[in-house]
Amino acid sequence: MIESARRLLDQKFGSLGVWISLVALVLLGALLLVSGQTSMGLVTVLGVFVVTAGIVSRDAASGALQMILSRPILRAQYLFGRYLAALTLMAGFLASVFATAVLIDRAAALAGWTGGSAFLWQEGLRVVVSEFPRAALDAAILLFFSTFLRGLGDALAFVLCGIVLNLLPQVATALRKPGLARFGRRLLANVAPDGAWSSIFHGGPILQAATGQWALAMAVYLLLASIVFNRRELSYGQD
Amino acid sequence: MSVIEVRGISKSYGRGRRAYPALADVSLSVARGETLGLIGPNGAGKTTLLSCLLGFLRPNAGTISIDGKAPDDLSIRARSGYMPERLGFDRELSGRDFLAHHWRLSRGDPERTEEEVLAAAARVDLEPAALHKKLRTYSRGMLQRIGVAQATFGDPSLLFLDEPASGTDPLGVAVVRDRILDAKKRGATIVLNSHQLAEVERVCDRVVFIERGRIAREEKLRGDGAAARRAILRTDPARAADAAFALSADGFSARAESEGIIRLTGSETDLSRAVRALVLRGDPVFEARSSADLEELFRGPAA
């Protein structure tokens, strides 16, 4: 599993495109924090995309997966090794966002710049820490899609599902279908639960329905990813 | 004793009306220490068979066992080496990192990584300087060599090779062949999928010809019951006709041609006996070549 994790880190750190994307996102996220935003929203999702999109499918398409799985390692070791590496990268990414926000705030204070919202580092830390479980769930969803979709189909499926799940309650409300709207909201809460992390890191109770939904969703996505990947056939080349 | 047992496997791609049969009722066994060649036209099912043997594909029917275990059993994989036709690995990795990664994946001692990486590169005549270059800068031949190097890590007792010498220069072909012969000497069981018939003939003990997903023909190239080989002996042109006549009189199937060439058909033992007979007669033997003529097997009608 460590070898699998190490390889993903090597792949990501060896790519200039990944570096440029992550540095840009770190700066954007830090600016959001400094400006007093209480959520990094899209920045975290884009960070998860950069780190996790094609996490399995690209290896399957290139033939690397077949070479790796011809070695004495379990498919689960490969799969979860890569997932753990993605989480490590996301943790590093979020830590970098926070560190950069602190540096920008210090630099602004030294330069005597007083505009914008006051940056409270404790609040900034809460924001980035509460982004991590969300990122972990998004990465688990992408991992699941990546076990059976080709190329960057996982990222496409993630975006499409996100759009459909978020639009369904609104469209149902506009169409005056309260039952469908309720179903849409429940579906969203169970398929992509938010987890109420912000309230938890502000002293709210950990054991609440939202946390249970998040934990259940994580377990289901990771379990499904493992089952699908274990059953997957790997073809390559021509006869 | 058989190491690999394939019993009546069938494999189709797609479902329903779109189902395309890639393998149909294929059975074969590979003895311990045997080198089996898979030959056949493109699309015949060779790679599908190799993928089933490696556990990448699951047959729709039939069974495969390797030493009595499933092909994807970790204990089997721990002593297997595999080389795909195209080395589709991370192109941004250096050759050294690629080999180190595979050494660690094959449960090699991490302390010995550097030593093993250098030894593996040396085995396939890959310059140490090349190990620091990224795989994307490698030529096809270099990729094949490094692919063979990773497949032979830890001296595996089972080797699955898919077109190992494809795209390599003559020196590369010889290097790949030498590594296969080394593995044979160690007693490894090898399954080789290749279109390079001359190479298949040089290293394989037996070949199966796969056509439209079935084993159409099978030919033993070495040992008892090996197929008749065709040979060319070259002697003094002035004495070739007499020499061929003498060989025919001794029971050999021999025919004189121009420029001192004598064509023979027989087993490997027959051929060495023919050379000896000519030498004893005082006829010079300038050249002796033999082949199983796999091309003919390739072209021949389906059994």
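Parameters and conventions
Residues numbered from 1 in each chain as written. Chains lettered and ligands numbered in written order. Predicted model: local features only at pLDDT ≥ 70, side-chain atom pairs only at ≥ 80, totals over all residues. Helix = DSSP H or I, 4+ residues; strand = E, 2+ residues; numbered from the N terminus. Buried ≥ 20, exposed ≤ 12 C-beta atoms within 10 Å, placed from the backbone. Contact = placed C-beta atoms within 7 Å. Axes fitted to C-alpha atoms, helices over the stretch in contact; angles between N-to-C directions. Parallel < 35°, antiparallel > 145°, perpendicular 65-115°, else oblique. Left-handed = near helix turned anticlockwise from the far one by under 90°. Nonpolar A, V, L, I, M, F, W, Y, C, P; charged D, E, K, R; others polar. Pairing = 2+ DSSP bridges. Domains from an automatic or database assignment. Arc of directions from axis to C-beta. pLDDT = per-residue confidence, 0-100.

### Examining the overall build of chain A
Part 1 of the reasoning: Of the regular secondary structure elements, chain A holds 11 helices and 0 strands.
Part 2 of the reasoning: In chain A, the succession of helices and strands from N to C terminus is α-α-α-α-α-α-α-α-α-α-α.
Part 3 of the reasoning: Residue burial in chain A is summarised as follows: out of 239 residues, 36% are buried.
Part 4 of the reasoning: Sequence-distant contacts in chain A: of pairs separated by 6 or more residues, those separated by 24 or more amount to 75%.

### Some thoughts on the packing of helix H1 (residues 2-13) of chain A against helix H6 (residues 75-110) of chain A
Residues and elements named next belong to chain A.
Part 1 of the reasoning: At a minimum axis separation of 7 Å, H1 and H6 run at an interaxial angle of 50°. On the basis of the axis angle, H1 is oblique to H6. In the packing of H1 onto H6, the handedness of the crossing is right-handed. Where H1 approaches H6, its residues Ile2, Glu3, Ser4, Ala5, Leu8, Leu9 and Lys12 are matched on the opposing element by Gln77, Tyr78, Gly81, Arg82, Leu84, Ala85, Ala86 and Leu89.
Part 2 of the reasoning: Of the residues assigned to the contact of H1 with H6, the class counts are 9 nonpolar, 3 polar and 3 charged.

### Some words on the sheet that holds strand S3 (residues 35-39) of chain B
All names here are of chain B.
Part 1 of the reasoning: On the basis of which strands lie adjacent, the open sheet formed by 6 strands has the order S5-S6-S7-S3-S8-S9 and mixed pairing. Where the open sheet ends on each side, the last strands, each with one partner, are strand S5 (80-83) and strand S9 (214-220). Geometrically, the sheet is characterised by an average inter-axis angle of 15° between neighbouring strands, direction not taken into account.
Part 2 of the reasoning: Note that S3 and strand S8 (residues 206-211) share 4 bridges and pair parallel. Paired with Ile39 across the two strands is Phe209, which belongs to S8.
Part 3 of the reasoning: Against the sheet, helix H5 (residues 140-151) contacts S5 and strand S6 (158-162), and its axis sits at roughly 165° relative to S5.

### Some details on the pairing of strand S2 (residues 20-31) of chain B
Residue and element names in this part refer to chain B.
Part 1 of the reasoning: Relative to S2, strand S1 (residues 2-13) runs antiparallel, the two being bridged by 8 bridges. In the strand pairing of S2, Ile4 is matched with Val30.
Part 2 of the reasoning: Remark: 6 residues form the turn of the hairpin made by S1 and S2, two consecutive strands paired antiparallel; Gly14 in that turn has positive phi of roughly 80°.

### Details of the interface of chain B and chain A
Part 1 of the reasoning: Counting from both sides, the interface comprises 31 residues of chain B and, opposite them, 22 residues of chain A.
Part 2 of the reasoning: Going through the elements one at a time, helix H1 (46-53), helix H2 (74-77), S5 and helix H3 (95-105) of chain B are the ones with two or more residues in the side of chain B that touches chain A.
Part 3 of the reasoning: Here the element with the most residues in the side of chain B that touches chain A is H1 of chain B; it accounts for 4 residues.
Part 4 of the reasoning: Here the side of chain B that touches chain A is built from residues that sort into 11 nonpolar, 10 polar and 10 charged.

### Side note on the domain arrangement of chain B
Part 1 of the reasoning: Each domain of chain B was delimited in the assignment, giving domain 1 (2-220) and domain 2 (229-299).
Part 2 of the reasoning: For domain 1 of chain B versus domain 2 of chain B, the distance between C-alpha centres works out to 36 Å.

### Looking at the sheet that holds S1 of chain B
All names here are of chain B.
Part 1 of the reasoning: An order of S2-S1-S4 is seen for the 3 strands of this open sheet, with the pairing classed as antiparallel. Here the strands that pair on one side only, and so sit at the sheet edges, are S2 and strand S4 (61-66). The mean angle between the axes of side-by-side strands here comes to 15°, regardless of whether they run parallel or antiparallel.

### Quick notes on the environment of Lys69 of chain B
Residues and elements named next belong to chain B.
Part 1 of the reasoning: Turning to its location among the elements, Lys69 is positioned in the loop between S4 and H2.
Part 2 of the reasoning: The exposure class assigned to Lys69 is exposed, which follows from the 12 C-beta atoms found within 10 Å.
Part 3 of the reasoning: C-alpha separation for the pair Lys69 and Pro59, spaced 10 residues apart in sequence, amounts to 15 Å.
Part 4 of the reasoning: Apart from the residues lying within four places of it in its own chain, the contact partners of Lys69 are Ser75 and Ile76.

### Re helix H8 (residues 240-249) of chain B
All names here are of chain B.
Part 1 of the reasoning: Within the span of H8, buried status applies to Ala240, Ala243, Ala244 and Leu247. One face of H8 carries all of its buried residues, which in axial projection span an arc of 100°. Facing away from the buried side of H8 by over 90 degrees, the exposed positions are Phe245 and Ala249.
Part 2 of the reasoning: If you follow the buried residues of H8, they end up packed against strand S11 (253-256), strand S12 (261-266) and helix H9 (268-281).
Part 3 of the reasoning: One or two positions beyond H8, positive phi appears at Gly251, with a value near 100°.

### Quick look at the confidence of the model for chain B
All names here are of chain B.
Part 1 of the reasoning: Averaged over every residue, the pLDDT of chain B is 85; residues scoring 70 or more account for 94%.
Part 2 of the reasoning: The spread of mean pLDDT over the elements of chain B runs between helix H10 (residues 294-299), the lowest at 66, and strand S7 (residues 189-193), the highest at 93.
Part 3 of the reasoning: Note on the complex model: pTM 0.81, ipTM 0.76.

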